[in-house]
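Okay, here's what each chain looks like letter by letter:
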Amino acid sequence: MWKQIGIAVIAGWLPVGSLASDQSPHQSPDIAGTLEGDSQEWFVLSQGDDSNASFVEFGDDINIEITGFIDPERWDAQEALSISLTVRDGQLMRADVLQLIGTSTSPPLYTSDGGDVTVSLTHYERDGQALHVAGTIQGMLALQVQLGDPPDPNESIDIDVTFDIEAQKIEF
């Protein structure tokens, strides 16, 4: 995402993402790791100015909203991973993580609320309207069955992922 990576070919260098013959390009995941011990990848999708990685400023706070999708080409909430971060002066102040089970952000879902999750930032850099943020999410997400019910930490899944995102500023 931040470095140009190439693949050696006989005729020279072919940038990753370029088409070789009629093969489709392979998009690198923005979020990757394990969920309940199984390897998993999520992709941040964008079309024009519409992106699933964005941020807004509220006073000294920067609120970052990230949604990663299983399919690198479709905005399908099924099994999506949602990450909400609040950063002040480069320091993480708050983090919420949701792993969607169904096709909406309503329960049932797995949540860091009621779970035991550690979110840490490994990189945070703002460049005007763009924000590069990277980090890790590790721990247990608790199952919330219905809206209004507390999440059940006895019904949980393990999460251990890294993320590397470029978010775009939203202005009102």
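Just above sits the structure.
Presented here is an overview of the structure given in this document.

Parameters and conventions
- Residues numbered from 1 in each chain as written.
- Predicted model: local features only at pLDDT ≥ 70, side-chain atom pairs only at ≥ 80, totals over all residues.
- Heavy atoms only, no water.
- Helix = DSSP H or I, 4+ residues; strand = E, 2+ residues; numbered from the N terminus.
- Buried < 20%, exposed > 50% of the residue type's maximum accessible area, 1.4 Å probe, protein only.
- Contact = heavy atoms within 4.5 Å.
- Areas by Shrake-Rupley, 256 points an atom, 1.4 Å probe, with all protein chains shown as cover.
- Polar contact = N/O pair within 3.5 Å; in protein donor to acceptor, adjacent residues only side chain to side chain.

**Some thoughts on the overall build of the protein**
Phase 1: Within the protein one finds 0 helices and 13 strands.
Phase 2: Each helix (α) and strand (β) of the protein, taken in turn from the N terminus, gives the series β-β-β-β-β-β-β-β-β-β-β-β-β.
Phase 3: Counting every position in the protein, which comprises 172 residues, the buried fraction comes to 34%.
Phase 4: Considering only intrachain contacts with a sequence separation of at least 6, the fraction spanning at least 24 residues in the protein is 52%.
Phase 5: When the accessible surface of the protein is split by element, carbon and sulfur atoms take 47% of a total near 10300 Å².

**Quick word on the side chain of Ser84**
Phase 1: Residue placement: Ser84 occurs in strand β9 (residues 81-88).
Phase 2: Look at Ser84 and you get buried, because its relative accessible area is 13%.
Phase 3: Engagement of the side chain of Ser84 in a polar contact is seen with the side chain of Glu65, the distance being 2.6 Å.
Phase 4: With residues near it in sequence (within four places) discarded, Ser84 still touches Ile64, Glu65, Arg94, Ala95 and Asp96.

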